[in-house]
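One letter stands for each residue in the lines below.
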Amino acid sequence: MADLFEAAGLTPHAPSPLADRLRPQALDEVVGQDHLLGENGPIGRMAQARRLSSMILWGPPGTGKTTIARLLAKAAGYEFQQLSAVFSGVADLKKAFEQARARRAAGQSTLLFVDEIHRFNRAQQDGFLPFVEEGIVTLVGATTENPSFELNGALLSRSQVFVLKRLDDEALEQLLAKAEAHEGRPLPLEPDARNALIALADGDGRYLLTLAETLLNIAAAKPLSTAELGQIL
């Protein structure tokens, strides 16, 4: 049943976070991972060929693992399906595989993205093997942990492991510039404070944009110093 807001055509929508609004729309918009996504990078070559192999994306938080998987599916013409090892159980896996099998019968390939794949136990990880081997799904797993210690050898042998780099200062500065362009105004920071903000993010692009959004929402009369930045964040 529609509530009063919906009936009046005034359904309120909370604005999405800045990090979501700035989410890249193509692989070449992803910053900091050119060694994988560039023309000569292994993932970049897969996207160009539109033929994907199962892979494990290993890297720190905020480096683009989910975004890369989603855009890779888009570039290669695969259906993107996402699961989280934290929230998904056996029933969710079974449903995902059944849907992928139906798509395959209709001529549609499926990229199954599993976030925090290391949180699945060994038996659950083994459950992926027949579907990967039959080509029912192309598996893209994301992990912040060393796959050699956290994933089954059998699953690793059927996947390529790609290491994502923590975003360097140049990449983080690119994100800040994108945020400022999107908002149409500069961050209210002195140069030293801007450098301190980048250092505070510690290579995590999502965290940096969260901090930037906080600052963009502040009505600062003048650019903030490093000390003033510390008081706010």
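Throughout what follows, the structure given in this document is the object of discussion. (Residues numbered from 1 in each chain as written. Predicted model: local features only at pLDDT ≥ 70, side-chain atom pairs only at ≥ 80, totals over all residues. Heavy atoms only, no water.)

1. Brief notes about the sheet that holds strand 4 (residues 138–143)
Strand order in the open sheet formed by 5 strands is 2-3-4-1-5, and the pairing between neighbours is parallel. Because the sheet does not close on itself, it has two edges, and the strands there are strand 2 (79–84) and strand 5 (160–163). Between one strand and the next, the sheet's axes are offset by a mean angle of 20 degrees, whatever the strand orientation. Relative to strand 4, strand 1 (residues 55–58) runs parallel, the two being bridged by 4 bridges. From the neighbouring strand, Ile56 faces strand 4, where its bridge partner is Gly141. Seen against the sheet, helix 5 (residues 65–76) touches strand 1, strand 2, strand 3 (110–115) and strand 4 and runs at an angle of roughly 175 degrees to strand 3. Packed on one face of the sheet, helix 6 (residues 90–105) meets strand 2 and strand 3 and runs near 170 degrees to strand 2. (Pairing = 2+ DSSP bridges. Helix = DSSP H or I, 4+ residues; strand = E, 2+ residues; numbered from the N terminus. Axes fitted to C-alpha atoms, helices over the stretch in contact; angles between N-to-C directions. Contact = heavy atoms within 4.5 Å.)

2. Remarks on the pairing of strand 3
Strand residues, when the strand is regular, have side chains that alternate between the two faces of the sheet. Within strand 3, 5 of the 6 residues are buried, leaving the element largely enclosed by the surrounding structure. Of the pairings in the sheet, the one linking strand 2 to strand 3 comprises 6 bridges and is parallel in character. Bridge pairing in strand 3 places Glu79 opposite Thr110. Where strand 3 meets strand 4, 5 bridges bridge the pair, whose relative direction is parallel. Residue pairing across strands places Phe113 opposite Val140, the latter belonging to strand 4. (Buried < 20%, exposed > 50% of the residue type's maximum accessible area, 1.4 Å probe, protein only.)

On their own, these measurements won't tell you what the molecule is for.
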